[in-house]
Amino acid sequence: MLKIKKIIHTLLFAVIVCYPLILNARLPELTYYPGKAELTGRILNYHPDSNYYLRVIIPNLINPNFSPDFIDIEVDGTFRQLLHLQYPTQVN
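Let me begin by describing the structure that accompanies this report. Computed from a prediction, not measured in an experiment: that's the story for all the values here.

## As for the overall build of the protein chain
Right, on to step 1. Looking only at helices and strands, the protein chain has 1 helix and 4 strands in total.
Right, on to step 2. The helix and strand sequence of the protein chain, counted from the amino end, reads α-β-β-β-β.
Right, on to step 3. Relative to its full complement of 92 residues, the protein chain shows a buried share of 9%.
Right, on to step 4. As displayed, the protein chain offers around 8900 Å² of accessible surface, 61% of which is attributable to carbon and sulfur atoms.

## Overview of the packing of aromatic side chains
Right, on to step 1. Within this structure, the stated rule accounts for 2 aromatic pairs.
Right, on to step 2. Between the aromatic rings of Y53 and F70, the centroid separation amounts to 6.2 Å while the plane-to-plane angle is 50 degrees, which identifies the pairing as tilted. On the criterion of sequence distance, the pair formed by Y53 in the loop between β1 (36-42) and β2 (54-57) and F70 in strand β3 (residues 68-71) is long-range, its members being 17 residues apart. Like Y53, the residue F70 is exposed in the burial classification.

## Looking at the pattern of salt bridges
Right, on to step 1. Overall, the coordinates contain 1 salt bridge when judged by the stated rule.
Right, on to step 2. Across the pair E38 and R80 runs a salt bridge, and its minimum N-O distance is 2.9 Å. One end of the pair, E38, is in strand β1; the other, R80, is in strand β4 (residues 78-84), with 42 residues separating them in the sequence.
Right, on to step 3. Looking at E38, the relative accessible area reads 35%, which means it is partly exposed.
Right, on to step 4. When its relative accessible area of 59% is taken as the criterion, R80 is described as exposed.

## Details of a nonpolar patch on the surface
Right, on to step 1. A surface patch of nonpolar side chains, about 410 Å² in accessible area, is lined by I4, I8, L12 and I16.
Right, on to step 2. Relative to the elements of secondary structure, I4 occurs in helix α1 (residues 2-24).

## A few points about the environment of V56
Right, on to step 1. Relative to the helices and strands, V56 is located in strand β2.
Right, on to step 2. Residue V56 is classed as buried on the basis of its relative accessible area, which comes to 18%.
Right, on to step 3. Residues V56 and F66 lie 10 residues apart in sequence; the distance between their C-alpha atoms is 9.9 Å.

## As for the environment of L44
Right, on to step 1. With respect to the helices and strands, the residue L44 is situated in the loop between β1 and β2.
Right, on to step 2. The class for L44 is exposed, based on a relative accessible area of 63%.
Right, on to step 3. Sequence separation between L44 and T78 is 34 residues, and the spatial gap between their C-alpha atoms is 8.8 Å.

## Quick look at unusual backbone geometry
Right, on to step 1. Of note, the phi angle at N45 is positive, near 55 degrees, even though the residue is not glycine.
Right, on to step 2. Mapped onto the secondary structure, N45 falls in the loop between β1 and β2.
Right, on to step 3. Of the residues examined, N45 reaches a relative accessible area of 71% and is grouped as exposed.
Right, on to step 4. You will see that N51, though not glycine, has its phi angle at about 60 degrees, which is positive.

About the cut-offs
- Residues numbered from 1 in each chain as written.
- Predicted model: local features only at pLDDT ≥ 70, side-chain atom pairs only at ≥ 80, totals over all residues.
- Heavy atoms only, no water.
- Helix = DSSP H or I, 4+ residues; strand = E, 2+ residues; numbered from the N terminus.
- Buried < 20%, exposed > 50% of the residue type's maximum accessible area, 1.4 Å probe, protein only.
- Areas by Shrake-Rupley, 256 points an atom, 1.4 Å probe, with all protein chains shown as cover.
- Phe/Tyr/Trp six-rings, centres within 6.5 Å; stacked < 30°, edge-to-face > 60°.
- Salt bridge = Lys/Arg side-chain N within 4 Å of Asp/Glu carboxyl O.
- Patch = residues over 30% accessible without salt bridge, like charges linked within 9 Å, V, L, I, M, F, W, Y side chains within 5 Å.

Structure (structure tokens):
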């Protein structure tokens, strides 16, 4: 019985402490660029020596040739790239 009370006490304490942090959590502010898309992210457990690369291919509706955009990955595994869109695009 004492163990259950201690577990309940610990859970209540965690909820009381974490609840304000969850309410104050904010996503980065959204920026809108007409005709452009900003792709950002982070690769977890990234090592610069692993030879990873990111390639994005945006389809062209008129010309079936695809020209890939290569995205540079920072040393800490983060990346950010502004992509030019010629047509309405859907992200899957």
